[in-house]
Amino acid sequence: MSEFKVRDNWMAFCLPDISEAEVQAVSDTIRSGWWAKGPRTIEFEKQFAEYVGAKYCVGLNSCTAALHLSLVAQGIGPGDEVITTPLTFAASANTILHVGATPVFADIDPDTGLIDPVEIEKKITNKTRAIVPVHYSGLAADLDAIGALCDQHNLFLSEDAAHAVETRYKGELVGHHPRGAVSYSFYATKNLACGEGGALVTDDPELAAKARVLSTHGMSAGSWNRYGKGGSWRYDIEEPGYKYNMFDIQASLAGVQLSRMSDMQRRRFQVVEVYEEAFKDVPQLRLQKTPEYCHHSRHLYILRIVAERLTISRDQFIEELKARNVGVSVHFIALHTMSAYTKRFGYTPEDFPKAYDFSESEISLPLYSSLSVEDAKYVAEAVLDICKKFGK
Ligand SMILES: Cc1ncc(COP(=O)(O)O)c(C=O)c1O
């Protein structure tokens, strides 16, 4: 085997995929004179609802806003418990705290990183009001099993689909048959990106209407309705809502990204193919499994190192990748180990041992549609070089 040669320039962990169409769409919106929430947001909401096959889509400024509004709209609050996974970004559980409810963690399946329905069932009490499964990394949580628990215990299902644009559950996009609410993120690193942005998708007309009003301070009419010809300056504040709405500059970017989705996904899969082929028989590495029911959106490429087969730790492995000019990340530092949660709930890492182990051995490799196959091969070679050098 030839000696590994370190490249000269840094490879970013993630970069947006920008074509001329995004630049043009944003310029058109800027020149149109209407930058706030207006016709482009309304159009994007329609397109996104059609794309996932849901009845309603409320465009928002983040997935965090969508997760929060889903709970607020259900009247979930103090005294209630909401079950979610500890292997997630803060937003999934912080929003439960924001409504005054208690987040209750259920451990994961170590093969996938997904919340385990068996663990969820153990955590259901007479205070439980909702379940927030995360479609971790782009895999779908086991929606039939979790849906059955919701039916049995009369619980609201709020899916965290931040990673799940293009994720399919039993052949259908995850937002296709929303039983409760499905929250998406269009943050800069996501498969469909517009810098910051999100959407709440549902088939429930009341939930959609409530979320829409709450997303603009609880105003009975948005500015587009008020300032348009024939609009009225008069409005009511129906409830003290939030400033969570999407706006037209975001929506014009998101709309173009949605139209480019199949091409962007094709290129993500090319990168994944390179990684899967390179890592398949390496004893120092453990690959993420995809459940049979699921089509992976490939938002993140999840690699786990096998500590017993290496003379270096996971953190050192990351340093070795950085020394080879490869930017990587970790998804996620288990949430129950974060000080906001240890202080409040007194958790120790071992309270959710599978999530903790996963989080301590995981490395997310660069995976984005603007990453070339050549760069993916470089990343794979860098990983293999480290395994060879420090393997035992
Ligand atoms: C699992 C998960 N849920 C929610 C969010 C929040 O998304 P946003 O940044 O759009 O609020 C993220 C963000 O990365 C996430 O990874």
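Residues numbered from 1 in each chain as written. Predicted model: local features only at pLDDT ≥ 70, side-chain atom pairs only at ≥ 80, totals over all residues. Heavy atoms only, no water.

Enquirer: Please set out the pattern of salt bridges residue by residue, giving values where relevant.
Expert: Under the counting rule described, the total for this entry stands at 19 salt bridges. The closest approach of N and O atoms between Asp151 and Arg179, which form a salt bridge, is 2.7 Å. Separated by 28 residues along the polypeptide, Asp151 in helix H6 (residues 143-153) and Arg179 in the loop between strand S7 (172-173) and strand S8 (181-185) bring together distant segments of the chain. Looking at Asp151, the relative accessible area reads 53%, which means it is exposed. With its nearest N and O atoms 3.0 Å apart, the salt bridge here joins Arg267 to Asp263. Here Asp263 and Arg267 lie together in helix H10 (residues 261-279), a separation of four residues that amounts to about one turn. The exposure class of Arg267 is buried, given its relative accessible area of 18%. Classification of Asp263 by relative accessible area gives partly exposed; the value is 32%. A network of salt bridges, in which partner residues are shared, links Asp17, Glu22, Arg260, Asp263, Arg266 and Arg267. (Salt bridge = Lys/Arg side-chain N within 4 Å of Asp/Glu carboxyl O. Helix = DSSP H or I, 4+ residues; strand = E, 2+ residues; numbered from the N terminus. Buried < 20%, exposed > 50% of the residue type's maximum accessible area, 1.4 Å probe, protein only.)

Enquirer: How would you sum up unusual backbone geometry? Please name residues and give values.
Expert: In the segment running from His331 into Phe332, the intervening peptide bond is cis, with an omega of 5°. In this structure, Phe332 sits in the loop between helix H11 (314-323) and helix H12 (339-345). A positive phi angle, close to 55°, is found at Asn154, a residue other than glycine. For Asn154, the location among the structural elements is in the loop between H6 and strand S5 (156-161). One non-glycine residue, Lys170, adopts positive backbone phi at about 45°. Its place among the elements puts Lys170 in the loop between strand S6 (168-169) and S7.

Enquirer: So what about the domain arrangement of the protein chain? Which residues, and what values?
Expert: You can read the domains of the protein chain as domain 1 (20-259) and domain 2 (261-390). A straight line from the C-alpha centre of domain 1 to that of domain 2 covers 26 Å. Domain 1 puts 44 residues into the contact, and the matching count from domain 2 is 36 residues. With both sides pooled, the region where domain 1 packs onto domain 2 buries about 3,300 Å², and carbon together with sulfur makes up 61% of that total. For the domain 1 face of the interface with domain 2, the top three residues by lost area are Phe105, Asp111 and Asn191, together amounting to 18%. Taken together, the links from domain 1 to domain 2 amount to three salt bridges. Between Glu119 and Lys354 there is a salt bridge whose closest N-O contact spans 3.8 Å. In this structure, the connection of domain 1 to domain 2 is made through 24 residue pairs in polar contact (both at pLDDT 80 or more). No other element matches the four residues that helix H4 (residues 90-98) contributes to the side of domain 1 that touches domain 2. (Domains from an automatic or database assignment. Contact = heavy atoms within 4.5 Å. Buried area = accessible area lost by both parts, 1.4 Å probe. Polar contact = N/O pair within 3.5 Å; in protein donor to acceptor, adjacent residues only side chain to side chain.)

Enquirer: Can you lay out the sheet that holds strand S11 (residues 294-295) for me, pointing to particular residues and giving the numbers?
Expert: Pairing is antiparallel across the open sheet formed by three strands, whose spatial order is S7-S6-S11. Strands with a single pairing partner mark the edges of an open sheet, and in this sheet they are S7 and S11. (Pairing = 2+ DSSP bridges.)

Enquirer: Tell me what's going on with the environment of Ala380, and back it up with residues and numbers.
Expert: Assignment of secondary structure puts Ala380 in helix H14 (residues 373-390). Residues Ala380 and Glu43, spaced 337 residues apart in sequence, show a C-alpha to C-alpha distance of 41 Å. Discounting chain neighbours no more than four positions away, the residues touching Ala380 are Val274, Tyr275, Ala278 and Phe279.

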